[in-house]
Amino acid sequence: MSLEGKVALVAGGTRGAGRGIAVEFGAAGATVYVTGRTTRTQQSEYGRPETIEEAAEQVSAAGGRGIAVRVDHLVAGEVEALVARIRAEQGRLDVLVNDLWGGENLKQWNTPVWKHDLWNGLRMLELGVHTHLITAHFALPLLIERPGGLLVEVTDGTQEYNAVHYRINPFYDLAKVAVTRMAWAHARDLAPHGATSVAVTPGWLRSEMMLEAFGVTEDNWHDAITQVPHFVISETPHFVGRAVVALAADPERARWNGQSVSSGELAKVYGFTDLDGSRPDAWRYVREVQDADKPADPTGYR
């Protein structure tokens, strides 16, 4: 799955799925612009230690070229300047990955709209929806200058699952469903230009924040299963990274235009695996095992 000569922008590549996607693009040989708000000298409201410089260095170490650019994707001028820089330095943009979020510390679990903090809820919509639209507005004109461009909108949950399941609270639910619909809408506009738009979701992600919350590391993540048995279906950020790389490397990627897919679903089609050699199909597991109140058992699901 070589992406030599390709240029990707991973918007929101500081940590989690974004970093996993950026690093896997690097492993495929691409030039990757990694954006976010946390640098070695300036933290975002998250207060997390991960930085865009770190992510870009991992891209380069994997075999690509990582370029870290601090951008607040809610500030139109900063996004416009970013795209102008990519145009000046590369003359092209082959893949835009919108993995912008930043709302984990704002959500209240199982809380109706009248009890949820209003400003935190509205901030979630800014961080999870407005950022995607602002970035698409400025970046897609460069992406469609060459046929074959790919837009990936990263969200939480497939369209099929989210359509019939209430996701945490109304603000979070709307933010994640909106991104899937956004990918569908962009698909209609991009198709005449020979470009493709796809919504992609990881499964239960072993992100830095998740591992920290469970008090484990990637090396001993299995220890968390005693606390949360269904964590047995979890996956690394590299798994969704390999899913996006597979889409970008597929000359027939247009067959996915407007669709909502998961890392596990794409693994069945393209044959890639997670770092441990498995293929966790998390969203099928969630439906058939977790939501069905069955005992945790990944047999047949990874």
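Residues numbered from 1 in each chain as written. Predicted model: local features only at pLDDT ≥ 70, side-chain atom pairs only at ≥ 80, totals over all residues. Heavy atoms only, no water.

Caption draft 1: Summary view of the pattern of salt bridges. The tally for this structure, following the rule as stated, stands at 20 salt bridges. Residue Asp250 pairs with Arg255 through a salt bridge whose shortest N-O separation is 2.7 Å. With a relative accessible area of 42%, Arg255 lands in the partly exposed category. The partner of Lys268 in a salt bridge is Asp281, with the nearest N and O atoms 2.8 Å apart. Of this pair, Lys268 sits in helix α9 (residues 263–270) while Asp281 sits in the loop between α9 and α10 (282–290), and the two are 13 residues apart along the sequence. Judged by its relative accessible area of 56%, Lys268 falls in the exposed class. Judged by relative accessible area, Asp281 falls into the buried class, the value being 4%. Residues participating in the shared-partner salt-bridge network are Arg15, Arg48, Glu50 and Glu212. (Salt bridge = Lys/Arg side-chain N within 4 Å of Asp/Glu carboxyl O. Buried < 20%, exposed > 50% of the residue type's maximum accessible area, 1.4 Å probe, protein only. Helix = DSSP H or I, 4+ residues; strand = E, 2+ residues; numbered from the N terminus.)

Caption draft 2: Fine view of α9. Those residues of α9 lying buried are Ser263, Gly264, Leu266, Ala267 and Tyr270. With its buried residues spanning 160° around the axis, α9 presents them on a single face. In this structure, the buried side of α9 is in contact with β6 (196–201), α8 (237–249) and β7 (260–262). In the stretch just after α9, Gly271 is the one whose phi turns positive, near 85°. (Arc of directions from axis to C-beta. Contact = heavy atoms within 4.5 Å.)

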